[in-house]
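Inside the fold
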Amino acid sequence: MFKSLLNLLYPGRCSVCNNLFFAEDQSFVCRSCIDKISPSEVSYCKSCGSPTENCQKCLKNRKYDYIKVFTSADKELVNIIAMYKLQSVKPLGKEISQKISEDIVEFVKREQVDLITFIPLTKKIYRERGFNHLEFILKNIFPSFLIKNVLLKKKETALQMDLSAEERIKNIKDAFSLNPEVEIEGKNVLIFDDILTTGSTMLEAYKTVKKGKPKKIFGYVICR
Ligand SMILES: [Zn+2]
Ligand SMILES: [Zn+2]
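All figures in this text were calculated on a predicted structure; none of them were measured in a lab. The residue count restarts for each chain, going from 1 along the sequence in the order it is written. Each chain gets a letter, beginning with A, and each ligand a number, beginning with 1, in the order they are written. The model is predicted, so local features are restricted to residues of pLDDT at least 70 and side-chain atom pairs to those at 80 or more, both for listing and for counting; the totals for chains, interfaces and linings are taken over all residues.

1. Some details on the sheet that holds strand β8 (residues 216-223)
Put simply, the rule reads: Strands qualify as paired when DSSP identifies two bridges or more between them. Elements are defined by DSSP. Helices are runs of H or I of four residues or more, strands are runs of E of two residues or more, and each kind is numbered from the N terminus. Only the stretch in contact is used when a helix axis is fitted, and all axes are lines through C-alpha atoms; the angle between N-to-C directions ranges over 0 to 180 degrees.
Taken together, four strands build an open sheet; the order of strands is β3-β8-β7-β4 and the sheet is parallel. Each having just a single partner strand, β3 (66-71) and β4 (115-118) make up the two edges of the open sheet. The sheet shows a mean angle of 20° between the axes of neighbouring strands, taken without regard to direction. The sheet contact formed by strand β7 (residues 188-195) and β8 spans seven bridges and is parallel. Note that in β8 the partner of Phe192 across the bridge is Tyr220.

Following this line, the structure appears as structure tokens:
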């Protein structure tokens with residue numbers, strides 16, 4: 001009550017568009033910036049996520065059974081995701097969940113996904129943030145029996161976003177191992193991540209999941 005009164009007297013400034021706004025449950029991003037998050041009109045390559053439908057490099061070398069990109073990585077959306085995960089603003093995670101919910105639920109049903117997993121954090125980052133931002137989004141959308149920790153982070157890596165394409169490949173190589181407590185053999189597994197940049201994190205996750213002999217491997221990313 002006191003907080004909402006304060007908000008009325010002192011509106012916040014949106015970290016994305018810099019306009020003044022009256023905060024509801026978070027004082028970082030205004031409603032109109034959040035409402036710009038919507039499915040992309042662009043067709044992405046189903047095998048690697050590139051923004052082209054007839055992707056030449058995937059003709060010979062198919063990877064994922066289907067990797068789905070929800071939308072393009074506009075500056076605003078990347079900002080919102082960064083604020084959500086780096087500053088642990090959970091209400092922003094809820095907003096993102098609502099925006100992608102219909103699309104990812106439809107994907108999971110259509111492709112008969114048996115379990116959904118996500119890119120794990122290093123132990124150090126997990127301790128600092130107190131939660132995995134990807135797992136939090138999934139839990140807002142799916143019942144918990146569908147969400148499994150298939151991947152474990154076995155080495156401490158630097159933040160991919162701070163590195164060049166070449167450094168990213170090296171940084172993430174052999175970073176994951178399979179969680180022996182989760183059986184994935186013969187199952188349709190979906191790997192969830194927020195931003196696909198060079199694709200090296202997703203690919204490393206794919207390679208690790210493949211060792212568990214699943215039937216199909218899918219990817220779903222919020223943006224690229
Ligand atoms: Zn705004
Ligand atoms: Zn491709």
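Picking up after the structure, the text goes on.
2. Re the domain arrangement of the chain
The cut-off we apply is this: Source of the domain bounds: an automatic or database domain assignment. Two residues qualify as being in contact provided that their C-beta atoms, derived from the backbone, are within 7 Å of each other. Each residue receives one of three labels: charged for Asp, Glu, Lys and Arg, nonpolar for Ala, Val, Leu, Ile, Met, Phe, Trp, Tyr, Cys and Pro, and polar for the others, Gly being one of them.
The domain boundaries assigned to the chain delineate domain 1 (1-35) and domain 2 (36-223). Listed by partner, the interface residues are nine residues for domain 1 and 10 residues for domain 2. The residue makeup of the side of domain 1 that touches domain 2, split by class, is five nonpolar, two polar and two charged.

3. Regarding the environment of Leu115
Stated formally: Three exposure classes are used. Buried residues have 20 or more other C-beta atoms within 10 Å of their own C-beta, exposed residues have 12 or fewer, and partly exposed residues fall in between, all C-beta atoms being placed from the backbone.
As for its position among the elements, Leu115 is in strand β4. Look at Leu115 and you get partly exposed, because 19 C-beta atoms sit within 10 Å. Separated by 33 residues in sequence, Leu115 and Lys148 place their C-alpha atoms 6.6 Å apart. Residues contacting Leu115, with those up to four places away along its chain left out, are Leu146, Lys148, Ile184, Lys187 and Val189.

4. Some thoughts on the nonpolar core
For clarity, the threshold we go by: Note on terminology: a nonpolar core is a set of buried residues of type Ala, Val, Leu, Ile, Met, Phe, Trp, Tyr or Cys, with members joined through C-beta atoms within 7 Å.
Grouped together as the largest cluster of nonpolar side chains are 51 residues, with contacts concentrated most on Val29, Leu190, Ile191 and Phe192. It is β8 that provides the largest number of residues to this core, a total of six residues. In terms of domain composition, this core takes at least three residues from each of domain 1 (1-35) and domain 2 (36-223). Excluding anything up to four places from it in sequence, Val29 contacts Cys14, Ser15, Val16, Ile34, Ile80 and Leu92.

5. Looking at the packing of helix α4 (residues 75-86) against helix α5 (residues 90-110)
Any two packed helices are characterised by the angle at which their axes cross and by the distance between the axes. Here is the rule: Should an angle fall under 35 degrees it is called roughly parallel, over 145 degrees roughly antiparallel, and 65 to 115 degrees roughly perpendicular, with every other angle called oblique. Crossings are classed by handedness, with left-handed meaning an anticlockwise turn of the near helix from the far one by less than a right angle and right-handed meaning a clockwise turn.
The contact between α4 and α5 brings their axes to 8 Å, and the two run at 135°. Accordingly, the angle class assigned to the pair α4 and α5 is oblique. For α4 against α5, the interelement crossing comes out left-handed. Taken together, the residues of α5 that come into contact with α4 (itself represented by Ile80, Met83 and Tyr84) are Leu92, Gly93 and Ile96. Its residues assigned to classes, the contact of α4 with α5 shows five nonpolar, one polar and no charged.

6. Thoughts on the pairing of β8
Within β8, seven of the eight residues are buried, which leaves the element mostly enclosed by the surrounding structure. Bridging between β3 and β8 involves five bridges; their strand directions are parallel. For Ile67, the partnering residue across the bridge sits in β8 and is Gly219.

7. Section: the packing of helix α8 (residues 165-172) against helix α9 (residues 200-210)
Following both chains from N to C, one finds α8 and α9 inclined at 30°, their axes separated by 9 Å at the closest point. Put simply, α8 runs roughly parallel to α9. α8 and α9 meet at a crossing whose hand is right-handed. Contacts between α8 and α9 involve Arg168, Ile169 and Ile172 from the former and Ser200, Thr201 and Glu204 from the latter. Of the residues that constitute the contact of α8 with α9, the class distribution is two nonpolar, two polar and two charged.

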